[in-house]
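Notes for the structure review
Here is how the chains run, residue by residue.
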Amino acid sequence: MKIATWNVNSLKARQDHLLRWLKEFTPDVVLLQELKGAEDSFPFMEINAAGYEAAVVGQKTYNGVAILSKTPIVVTQRRLPGEEEDEQARYIEGIVQGGSQSVRVGCLYLPNGNPAPGDKYDYKIRWMRRLYAHARELLKTDEAFVLGGDYNVIPEASDVYDPSKWTRDALFLPESRNALRCIVNLGLTDAFAALHPGGGRYSWWDYRAGSWDRDEGCRIDHLLLSPQAADRLTASGIDKTPRGWDKPSDHTPVWCELKCGVN
DNA sequence: ATGGTGGCGGTGCCA
């Protein structure tokens, strides 16, 4: 099964791109971020007509996440546990059927955190600690799961075109990178990095200053696999195609393929 | 160059 993550930067503005990409790439499961709309504005009819179920946590103007799946979705979380007063729509989790097995997928939109230092950066770090705690709970189940989304963290210097320009940015500060490393070190596998060492491959390019044309981006969208999911990993990649379309999102899809059979 | 672009919503905020 092909599982992808894509920050669409407004689903209303990107609906045509999404439907075109679903048709051309034929993913089984898609994790969407930055819908920028409430749940009642979600295009359920069009998504269903394209062959996908949808589970949505929406929010007016900001954030918003969704899981699309060709097979039914059993929603297990609509918020990231650990901070009840956090109303931002940044996490949804569910179980989908993949061949003979089921896979749990968590779709996350991790806070950007800029400017740092400040309240927004503190919120980002708290959110990452909550994600760490939740991942640790999920690992106790010994099941196949994927935590995917816009992590808003550049893991390594090789994952950004010019690290010296990012030293004070919340996406590249040591505390952010260390918090991501702690999550990975619980025993998760970065599906893209595991099969494509060396860096220099990006999932986001700034709209400004011709970043896309110069291929000056960074890799901030990740699919982290539990050991049981990593055992089934056969391929992964970054599909740059929709970033080249007219009026694109600033992000492009990152995907992985898990074989359906047993180990 | 203390800039630049895009989405939302109708002004600045957020990324």
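Just so it is clear, the structure is predicted and the values come from calculations on it, not from any experiment. (Residues numbered from 1 in each chain as written. Chains lettered and ligands numbered in written order. Predicted model: local features only at pLDDT ≥ 70, side-chain atom pairs only at ≥ 80, totals over all residues. Heavy atoms only, no water.)

1. Considerations on the packing of aromatic side chains
When we look at a pair of aromatic rings, we describe it by the centre distance and by the angle of the planes. Note the threshold: Centres within 6.5 Å make a pair out of two Phe, Tyr or Trp rings, where for Trp the six-membered ring is used; the pair is then stacked when the planes are under 30 degrees apart, edge-to-face when over 60, and tilted otherwise. Whether a charge lies above a ring is judged from NZ of Lys or CZ of Arg, which has to be within 6 Å of the ring centre and within 35 degrees of the ring normal.
Throughout the structure, instances matching the rule amount to 6 aromatic pairs. For the ring pair Phe-42 and Phe-44, a centre distance of 4.7 Å and an interplane angle of 55° mean the geometry is tilted. Joined through ring pairs, the aromatic side chains of Trp-6, Trp-21, Phe-25 and Trp-255 make up one cluster. The ring of Phe-25 is capped by Lys-2, whose NZ or CZ atom sits 4.3 Å from the centre of that ring. If you follow Arg-20 out to its NZ or CZ, it ends over the ring of Trp-245, 3.9 Å from the centre.

2. Quick word on the nonpolar core
Applied cut-off: The set of buried Ala, Val, Leu, Ile, Met, Phe, Trp, Tyr and Cys residues whose side-chain atoms join them within 4.5 Å is what this entry labels a nonpolar core. Relative accessibility under 20% of the residue-type maximum defines a buried residue, over 50% an exposed one, and the middle range a partly exposed one, all with a 1.4 Å probe and only protein chains included. Helix and strand assignments come from DSSP, with helices taken as H or I runs of at least 4 residues and strands as E runs of at least 2, each series counted from the N terminus. Residues count as neighbours in contact if any of their non-hydrogen atoms are within 4.5 Å of one another.
Core analysis: the largest hydrophobic core is formed by 28 residues, its most contacted members being Ile-3, Val-105 and Leu-258. The dominant element in this core, judged by the number of residues it contributes, is strand β7 (residues 101–109), at 4 residues. Setting aside residues up to four positions removed in sequence, Ile-3 forms contacts with Val-29, Val-103, Val-105, Val-146, Leu-223, Val-254, Trp-255, Cys-256 and Leu-258. Counting residues in hydrophobic clusters, the runner-up holds 20 residues, among them Leu-80, Leu-110, Tyr-123 and Ala-179.

3. A word on the environment of Glu-143
Within the secondary structure, Glu-143 is located in the loop between α3 (119–139) and β8 (145–150). With relative accessibility at 23%, the residue Glu-143 sits in the partly exposed group. As for Glu-143 and Gln-228, which are separated by 85 residues in sequence, their C-alpha atoms are 6.0 Å apart. Once residues lying within four places of it in the same chain are set aside, the contact partners of Glu-143 are Arg-104, Ser-226 and Gln-228.

4. Re the protein's contact with DNA strand B
Selection criterion: The cutoff for a nearby residue is simple: one of its non-hydrogen atoms must lie within 4 Å of the molecule or strand. Polar contact is the term for a pair of N or O atoms within 3.5 Å; when the atoms are in protein, one must be able to donate a hydrogen and the other to accept it, and sequence-neighboring residues count only if both atoms are side-chain atoms. The nonpolar class holds Ala, Val, Leu, Ile, Met, Phe, Trp, Tyr, Cys and Pro. Asp, Glu, Lys and Arg form the charged class, and all remaining residues, Gly among them, are polar.
Near DNA strand B, the surroundings consist of 14 residues, among which Ser-10, Arg-14, Thr-61, Lys-120 and Arg-208 are the closest. Taken together, the sugar and phosphate atoms account for 71% of what DNA strand B places within 4 Å of the protein. A distance of 3.2 Å separates a phosphate oxygen of DNA strand B from a polar side-chain atom of Arg-14. The residue makeup of the surface near DNA strand B, split by class, is 3 nonpolar, 4 polar and 7 charged.

5. Side note on the pattern of salt bridges
Any two side chains of opposite charge can pair, so long as their charged atoms come close to each other. What counts is decided by this rule: We define a salt bridge as a side-chain nitrogen of Lys or Arg found within 4 Å of a carboxyl oxygen belonging to Asp or Glu.
Taken as a whole, this structure holds 16 salt bridges when the rule is applied. Note that Arg-20 and Glu-24 form a salt bridge whose closest N and O atoms lie 3.0 Å from each other. Here Glu-24 and Arg-20 lie together in helix α1 (residues 11–25), a separation of 4 residues that amounts to about one turn. The partner of Asp-86 in a salt bridge is Arg-130, with the nearest N and O atoms 2.7 Å apart.

6. Quick word on the sheet that holds β7
To keep it simple, the criterion reads: Any two strands with at least two DSSP bridges between them are considered paired. Note on geometry: axes are lines fitted to C-alpha atoms, helical ones only across the stretch in contact, with angles between N-to-C directions running from 0 to 180 degrees.
Taken in spatial order, the 6 strands line up as β5-β6-β7-β8-β12-β9 in an open sheet, and their pairing is mixed. At either end of the open sheet lies a strand with only one pairing partner, and these are β5 (73–77) and β9 (189–190). Both β8 and strand β12 (residues 221–225) contribute to a ladder of 5 bridges, which runs antiparallel. Residue pairing in the sheet places Gly-149 in a bridge with His-222 of β12. Together, β5, β6 (91–98), β7 and β8 form the strand contacts of α3, whose direction differs from that of β8 by roughly 165°.

7. Examining the environment of Ile-95
Examined against the element boundaries, Ile-95 turns out to sit in strand β6. For Ile-95 and Thr-76, which are 19 residues apart along the polypeptide, the C-alpha to C-alpha distance reads 7.2 Å. Here Ile-95 is in contact with Pro-72, Ile-73, Val-74, Thr-76, Ser-102, Val-103 and Arg-104, once residues within four sequence places are set aside.

8. As for the side chain of Glu-34
Here Glu-34 is to be found in the loop between β2 (29–33) and α2 (44–49). Residue class for Glu-34 comes out buried when judged on its relative accessible area of 13%. Polar side-chain contacts of Glu-34 include one of 3.3 Å to the side chain of Tyr-109.

That's the geometry; what it means functionally is another story.
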